[in-house]
Structure formats: C-alpha cells, structure tokens
Amino acid sequence: MYRCFLSLLLLTSLPAFAATGTVTGELRKWHRIDVTFSGPQTSETASPNPFRDYRLDVTFVHRATGARRVVPGYYAADGNAAQTGATSGNKWRVHFAPDKEGTWDYKASFRAGKDVAAGVGTGTATSFNGASGAFTVGPTNKTGRDFRGKGLLRHTGGHHLRFAQTGEPFLKGGADSPENFFAYFEFDNTQDNGGTANSLVDGLHRYEPHVQDWRTGNPTWGSGKGKGIIGALNYLADKGMNSVYALTMNVNGDGREVYPWTAYGERYRFDCSKLGQWEIVLAHMDALGLMQHLVTQETENDQLLDGGALGVQRKLYYRELIARFGHHLGVVWNLGEENTNTDAQRKQFADFFKSLDPYDHPVVVHTYPTQYDAVYNPLLGYPTVEGPSLQMGSLGPVHSETVKWIDRSAAAGRKWFVSLDEIGPAGTGVKPDADDFWHDAVRKQALWGNLMAGGAGVEWYFGYSYPDADLNCEDWRSRDHMWDLTRLALDFFRTHLPFTEMVHADGLTSASADYVLAKAGQVYAIYLPNGGTANLSLAGVSGSFDVRWFDPRNGGDLRIGSIATVSGGATVTIGNPPGGATTQDWVALVRKR
C-alpha cells in the first residue's frame, strides 16, 4: 500500500487517487469528505445481508496531533443511489467531517460474518480490508449561518450547546411540526401505511406552498425532485429559525410513513436511495444553519425493535443512522418521543450512541409531562445523556419546569441543556396566525418562560384541531408571525445578554409574575408579561445602572422608560416602560455602566 498526498489547490469535488478508496468532497475543515471503496457486488435483498453481515469502520488519524476518529461506514449500492434509485452495486462509503486542518491518514477495516454489523463476533477480514490512504484538509471557507463555518454543535458542560469552531453559544428556535417531516412524496419508497387520517394527498407531504422558496442552485434529486422540502427549509431559515424536529421512524405510530428500511415490515435491510435523499436534505440544513433534531422513535413503537431492548435490530438501526448522518454538525439524537422504555434501556441506548458516534453528538430524551420525575431523575448525572426534551401538557408550568431541570442537573454535577420541544394542549399547540396572530400565551409563558429560566430554546408544535397541524402541515407560513416573535426573543438574548453567564433569579424583584435572569452586579433582564413595573434588589451591589426597555412584540432598539438610571446598594424601582403603564409585555434591561 502507498499513500497519496493532495494539494490544497485541489479543493474540489473531483475524486482523489487512493490505494483502494476514492476520496471526494471539499477537503476543508468541518466539510463532508467521503471515502468510497469498491467491495463485494451485492444488493439490498442479497444474502449475505450487506447491512447485517458486513461491517465497515474507517480509522482517521490526524498526522500532526495523533487525534483519532473511528467512523462507521455503510453499504452505498452504486454510490449514487439518491440520484439513480439503485438497489445494488459494489460501493461502500464512509462520511468524515474533520475537526482539524492538516493531513489525515485513513485505514479501512472491512469484516464479514453473521450479524457482525451489530457487534456479534469480530468477523473475518475480507475484500478491501486494510485499504489506506491520506488527504490534506484546508480551512473552511464558510461564513454566516452555515454550520461548516461554525463547527460541530457540542455540549461542553454548560446549560447551552456551543459551536466547536467559533465558541458561539446556541439558542434554538424552530419547528416541531410536522413531526413526520420526512414523509415527503418525492423520497423513494415513501408511502402512507394506514396512519392517522389527514388531509394530505396519499397521506404524504408535498410542501407545495414552499416550492416558490426553492432557489436556483439548491439541491434536487432524480431530475428535479425535492423542491418543496428544500424550499420549506429555505423559508424557515429566512425567518431566522435554526432547528427542525423530525422522526426517523414512525412505524405503527401516528403517521406511519417514515422508515429507513426497504419495506414497512422490514427491520434488517435499509433503503439506499431513500436514505441518500434524506442526506441531501440534511446537508442543506447544515448549509442553512438548521439543527437536525432527529427523533429515533415514538411511544407507539419504542417496543418495536427487539421488544424494546438493545438487540440486533436496534443496533443496526442506530448504526445506520450514525454512519449516514453522524457527520452533520447540528445533529441531536433523541432517544424517543413520549418514551416508555425502561431506565436501563434508555441508558443502554445512550451508551450505544456514544460508543459508536465519533462526533459525540448530544443525546436527549422526550417523555410525557406526567413522567418527568420517573424518566429524568434516574438520568441526572449520567455521562451519556445531555438533557431533557420537554413536552408540556399546558403552558403555565414551562418556566418552573425548565428551572427545575436546570437546577437538578447542576446539583447532580452534569449540567443539562433544557429545551422546550412540544407544547400542549395537544389539540392547540401554536395556532395558525389567522386564529391567534399575537400568540400571547405562547409568547409569554412558553417562549420567554423557557429562555428566562436559562433554557436552551424552543421548537413549536401545531395542534391537531387547527389547519396545518402536526401531521399535515404543508405551509410553515401558517405561523409566520410566530417565527417573527421567536426571532425577536432570540435576537434580544444574543445581542444584549451574556446569557450563558446568567442564572434565573426571579426572587430579586417584587413582582410575582415576572421572570428574572441575572449576572449579579452586572446585568439583569426582567420580563414583565403583563407590563407594569417592579422593584429590583441591588443590595450589596455598587455602581450605577442604566435601565432600558425592549419590546418583545415588535422588536426594535432599546428604549428609555420613565427612569433612565438607578444606583446599586438597595432595592430600586425600575419605573415604567416607554409610553407609561401598560398591560402588554416588556423586558427591562438593567446594565451596569
């Protein structure tokens, strides 16, 4: 074997010469680089099963530092199945997102044996096993929203995720609905299998209102397919959102159209072209700066694989997800919606993800509002779980529940990022703008309730009693104003607050219904959901503080209210917002000069 060295002048998608692997992609930090091997000619239906009975792992070593990543690979049919629809071929592939510039050496391990992909035995070396090569990685050339300019989204020990490249903290705002986002009619082998009745043609999404949002140069597959789903993502990013919640499997669940396998009843064979098309969509999300919140099961099917255990079926399913999609920079793995697995099983699932995922993506779990303590308490401090995915049956407890899990996780020695991912009642959620333009209750209790507790952000669920609901939403414009209200809140936090250094401190004011976030002695944010004023305790704090006001309904610059400045050392009144007393919500920002 010999090695090839690639010039940084060749930062193109043209194949690079290698011993037996072909290197493609932009050879830049954080960008997807593929290494494709020619191996056994086989198919999705062949025996031995290419998904069970072969295992590809590629070890990448950074030459200058010795940093090592073992990345699982997968069977890729003809190597272009997303475009060709192929079900057979001799291509095996691994995706790699390098976190360092410089030269990386790689070496393939390719083993054959019964259920070797699920970790049953070590198998026998075969075909291109031992193939090796090298490539040189240059700096990223992406800026702005693109995750490739920000780096991997990581849990670094605080209550907020951070980007590895820039160190920027992440607050999310995005879509929880439709949960069956991948039930898209132009994905291969995607069809409704008797799910909950909805108004969609053939039970599948088309996202026709968003075809207009597709832009020249955006990706498609199979001669122009995909414009609706790609356009929908463009719209959401244009509204300033940065997250999408999507089930990767809903067999026997609500929708019954999303599954990675070759058939609805199959558990051991994966659909190469469909998953290749999912990859096109997820890659576009990286470019748009949209977190990929991938929910691996729902309550109706969390016992489907191996009877709920971590057996061959589940290991193959998790491995395929990690091999195909783990290189994406904004992935969060969710162990399940309204999860009913046992505590031991949830810990095994999380451990498995961490053992196989070379990028250490965050792992969270979603559960029923009545099951918080039973599910989350045993996971506090557990080393492979990074947070809860909160579902609220009603809006009132959002703030207190966020506070509870922030405090309990900190006390357990492993701080969680606490996201609000579903709001009730189930028939209501976020109503369309036509029914509730200002979204007062959602804005005040859910959006600001989570953020002012020190939460990590929100995703919006659409109730089934209204048009464009959780399973049949075709047009994200139905909640256009909710996206605006969400963006205003996120922008306020990013622009005006060192929010990762602040803690909830509601007891610092005299008001009973307000929320306070504070960095003691430096900056205080006071959210008044019903307007009015408050007295703020600055006891033990010295110096002068400016009082400015932010309008969470309309945004705009900070403004001066009835009092411009207060002094530390005592309890002070912050005055009224601009225009005098009001019943509308305002945010007071009290900052040390």
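Above this text is the structure in question.
For every chain, the first residue of the written sequence is number 1, and numbering continues from 1 onward in sequence order. Only residues with pLDDT of 70 or above have their local features reported here, since the model is predicted, and side-chain atom pairs are shown and tallied only from 80 upward, although totals for entire chains, interfaces and linings are computed over all residues. Side-chain figures throughout are based on the complete set of non-hydrogen atoms in the structure, without hydrogens or water.

Enquirer: Just to check I follow, could you spell out the overall build of the protein chain for this structure?
Expert: The helix count covers DSSP runs of H or I at least four residues long, the strand count covers runs of E at least two residues long, and both are numbered beginning at the N terminus. Scanning the protein chain for helices and strands turns up 9 helices and 28 strands. The C-alpha atoms of the protein chain give 25 Å as radius of gyration, which agrees with the globular expectation for 593 residues (25 Å, within 12%). Principal-axis analysis of the C-alpha atoms places the extent of the protein chain at approximately 75 × 55 × 50 Å. Throughout this description, buried means an accessible area under 20% of the type-specific maximum (1.4 Å probe, protein chains only), exposed means over 50%, and partly exposed covers the range between. Across the 593 residues that make up the protein chain, the buried fraction comes to 61%. Residue contacts follow a heavy-atom distance rule, with two residues in contact if any of their heavy atoms lie within 4.5 Å. Within the protein chain, contacts between residues separated by at least 24 positions form 71% of all contacts whose residues are at least 6 apart in sequence. In this description, accessible areas are obtained by the Shrake-Rupley approach with a 1.4 Å probe, and a residue is regarded as covered only by the protein chains that are shown. Split by element, the accessible area of the protein chain, about 20,000 Å² in all, is 49% carbon and sulfur. Averaged over its 56 positive side-chain charges, the protein chain has a centre that lies 8 Å from the centre of its 63 negative ones. In this treatment the radius of gyration is a C-alpha quantity, and the globule benchmark scales as 2.2 Å times the residue count to the 0.38 power. None of His or the chain ends enter the tally, which takes Lys and Arg as positive and Asp and Glu as negative. We put the charge of a Lys on NZ, of an Arg on CZ, of an Asp on CG and of a Glu on CD.

Enquirer: It is not clear to me how the pattern of salt bridges should be interpreted in this structure. Could you clarify?
Expert: When the charged atoms of two side chains lie near each other, side chains of opposite charge can form a pair. Salt bridges are counted wherever a side-chain nitrogen of Lys or Arg sits within 4 Å of a carboxyl oxygen of Asp or Glu. A full pass over the atoms with the stated rule returns 35 salt bridges. Among the salt bridges present, the one from Asp99 reaches Lys100, with a minimum N-O distance of 3.7 Å. On the accessibility criterion, Lys100 (26% relative accessible area) is partly exposed. In this structure, Arg154 and Asp99 form a salt bridge, with 3.9 Å as the shortest nitrogen-oxygen distance. Taken as a pair, Arg154 in strand 10 (residues 153-155) and Asp99 in the loop between strand 6 (88-96) and strand 7 (102-112) lie far apart in primary sequence, 55 residues in all.

Enquirer: Help me understand the packing of helix 8 (residues 440-451) against helix 9 (residues 480-496), please; the structure alone is not making it clear to me.
Expert: Each pair of packed helices can be described by the angle between their axes along with the distance between the axes. Contact pair helix 8 / helix 9: the axes reach a minimum separation of 11 Å and the direction vectors enclose 30 degrees. Comparing the axis directions of helix 8 and helix 9 gives the class roughly parallel. Of the two elements, helix 8 crosses helix 9, and the hand of that crossing is right-handed. Here helix 8 contributes Val442, Arg443, Leu447, Trp448 and Leu451 to the contact with helix 9, which in turn contributes Met482, Leu485, Thr486, Ala489, Leu490, Phe492 and Phe493. A per-class count over the contact of helix 8 with helix 9 returns 10 nonpolar, 1 polar and 1 charged. Fitted lines through C-alpha atoms serve as axes, helices being fitted only where they are in contact, and the angles separating the N-to-C directions of these axes extend from 0 to 180 degrees. Each angle gets one of four labels, with under 35 degrees taken as roughly parallel, over 145 as roughly antiparallel, 65 to 115 as roughly perpendicular, and the rest as oblique. Each crossing gets its hand from how the near helix is turned against the far one by less than a right angle, where anticlockwise is left-handed and clockwise is right-handed. Residues were grouped as follows: Ala, Val, Leu, Ile, Met, Phe, Trp, Tyr, Cys and Pro as nonpolar; Asp, Glu, Lys and Arg as charged; and all remaining residues, including Gly, as polar.

Enquirer: Looking at this structure, how should I read helix 9?
Expert: Count 3.6 residues to each turn of an α-helix, and residues three or four apart come out pointing the same way. In a helix, the anticipated span is given by 1.5 Å times the number of residues less one. Helix length check: helix 9 (17 residues) gives 25 Å between terminal C-alpha atoms against 24 Å at 1.5 Å per residue, within 8%. When we look at burial in helix 9, the residues that qualify are His481, Met482, Trp483, Asp484, Leu485, Thr486, Leu488, Ala489, Leu490, Phe492 and Phe493.

Enquirer: Would you mind showing me how to read helix 7 (residues 398-411) here?
Expert: For helix 7, with 14 residues, the first-to-last C-alpha span of 20 Å sits near the 20 Å given by 1.5 Å per residue. Val398, His399, Glu401, Thr402, Val403, Trp405, Ile406 and Ser409 are the residues of helix 7 that are buried. Tucked inside the fold, the buried residues of helix 7 contact helix 6 (372-376), strand 18 (387-392), strand 19 (419-423), helix 8, strand 21 (503-504) and strand 22 (515-519). Of the residues one or two after helix 7, Gly413 is the one with positive phi, at around 90 degrees.

Enquirer: Where do I start with the layout of surface pockets in this structure?
Expert: With a probe scaled to a water molecule rolled over the atoms, the places where space remains empty come into view. Cavities and pockets were defined on a 1 Å grid built over protein atoms only: a cavity is a set of grid points that admits a 1.4 Å probe from which the probe cannot escape, a pocket is an open set flanked by protein on both sides within 12 Å along at least five of seven lines, and lining residues are those with an atom within 4 Å of any such point. Grid points are joined across faces, edges and corners, and a volume is the space filled by probe spheres set on the points. Volume-wise, the largest pocket comes out at about 440 Å³. Taken together, 17 residues form the lining of the largest pocket, with Gly25, Glu26, Arg32, Arg148 and Ala283 sitting closest to its centre. Secondary-structure elements contributing two or more residues to the lining of the largest pocket are strand 1 (21-25) and helix 3 (272-288). With 4 residues, the single largest contributor to the lining of the largest pocket is helix 3.

Enquirer: Explain the packing of aromatic side chains here, please?
Expert: Working definition: an aromatic ring pair is given by the centre-to-centre distance plus the angle between the planes. Aromatic contacts are taken between Phe, Tyr and Trp rings whose centres are within 6.5 Å, Trp giving its six-membered ring; a plane angle under 30 degrees counts as stacked, one over 60 as edge-to-face, and the others as tilted. Enumeration according to the criterion identifies 50 aromatic pairs in this entry. Their ring planes at 90 degrees and their centres at 5.8 Å tell us that Phe163 and Phe170 sit as a pair that is edge-to-face. Considered together, Phe163 and Phe170 belong to a single accessibility category, that of buried residues. For a Lys NZ or an Arg CZ to count as sitting over a ring, it must be within 6 Å of the ring centre and within 35 degrees of the ring normal. Over the aromatic face of Phe185 sits the side chain of Arg206, whose NZ or CZ is 4.3 Å from the ring centroid. Directly above the ring of Trp214 sits Lys227, whose terminal nitrogen or CZ lies 4.5 Å from the centroid.

Enquirer: When you look at the pairing of strand 22 in this model, what are you seeing that I'm missing?
Expert: When a strand is regular, its side chains alternate between the sheet's two faces. The buried count for strand 22 comes to 4 of 5 residues, which makes it a mostly enclosed element. By the convention used here, strands pair only if DSSP detects at least 2 bridges between them. In terms of strand pairing, strand 21 meets strand 22 through 2 bridges, oriented antiparallel. Bridge pairing links His504 to Leu517 in strand 22. One ladder, built from 5 bridges, connects strand 22 with strand 23 (residues 523-528); its direction is antiparallel.

Enquirer: Which parts of the structure should I look at to understand the environment of Arg487?
Expert: Tracing the sequence through the fold places Arg487 in helix 9. Along the primary structure Arg487 and Leu558 are separated by 71 residues, whereas in three dimensions their C-alpha atoms are 16 Å apart. Leaving out residues up to four positions away in the same chain, Arg487 has contacts with Lys239, Gly240 and Met241.

Enquirer: How should the nonpolar core be read in this particular structure?
Expert: Among soluble globular proteins, nonpolar side chains are generally buried collectively. Put simply, a nonpolar core is a bunch of buried Ala, Val, Leu, Ile, Met, Phe, Trp, Tyr and Cys residues held in one set by side-chain atoms that sit within 4.5 Å of each other. In this structure, Phe60, Phe181, Phe182, Trp448, Trp460, Trp476 and Phe493 are the most contacted members of the largest nonpolar core, which totals 146 residues. With sequence-adjacent residues up to four places away left out, Phe181 is seen in contact with Tyr207, Ile229, Leu233, Val244, Tyr245, Ala246, Val281 and Trp476.

Enquirer: I'm lost on the sheet that holds strand 2 (residues 33-43) in this one. Help?
Expert: Adjacent strands of a sheet form backbone hydrogen bonds with each other and so pair up, either parallel or antiparallel. The sheet built from 4 strands is open, its strands ordered 1-2-6-5 with antiparallel pairing. The open sheet has two edge strands with one neighbour each: strand 1 and strand 5 (74-75). As paired elements, strand 2 and strand 6 share 8 bridges and run antiparallel to each other. Bridged to Ser43 within strand 6 is Ser88.

Enquirer: For this particular structure, what's the right way to read empty space enclosed by the protein?
Expert: A full pass over the atoms with the stated rule returns 5 cavities of 30 Å³ or more. In terms of lining residues, the largest cavity is bounded by 14 residues, among which Phe51, Tyr54, Gly73, Tyr74 and Arg319 are the most central. At the level of secondary structure, the elements contributing two or more residues to the lining of the largest cavity comprise strand 3 (54-62), strand 5 and helix 4 (312-325). Looking at the lining of the largest cavity, the element that brings in the most residues is helix 4, giving 4 residues. Tallied by class, the residues present in the lining of the largest cavity amount to 10 nonpolar, 1 polar and 3 charged. Looking at the second largest cavity, its volume works out to about 40 Å³. In terms of lining, the second largest cavity is formed by Lys172, Met291, His293, Val332, Val364, Pro388, Ser389, Phe417, Ser419 and Asp421. Mapped onto the lining of the second largest cavity, the elements with two or more residues apiece are strand 15 (291-295), strand 18 and strand 19. Partitioned by chemical class, the residues of the lining of the second largest cavity number 5 nonpolar, 3 polar and 2 charged.

Enquirer: I tried to follow unusual backbone geometry on my own but got confused; where do I start?
Expert: The general pattern is negative phi for most residues beyond glycine and trans for most peptide bonds. Of note, the amide linkage connecting Ser177 to Pro178 takes the cis form, showing an omega dihedral of 0 degrees. With respect to the helices and strands, the residue Pro178 is situated in the loop between strand 13 (172-175) and helix 2 (227-238). Cis geometry is adopted by the peptide bond preceding Pro425, which originates at Gly424 and carries an omega value of 0 degrees. Of note, Asp115 is a non-glycine position whose phi angle comes to about 60 degrees, a positive value. Structurally, the position occupied by Asp115 is in the loop between strand 7 and strand 8 (124-125). Asp115 gets classed as buried once you look at its relative accessible area, which sits at 10%.

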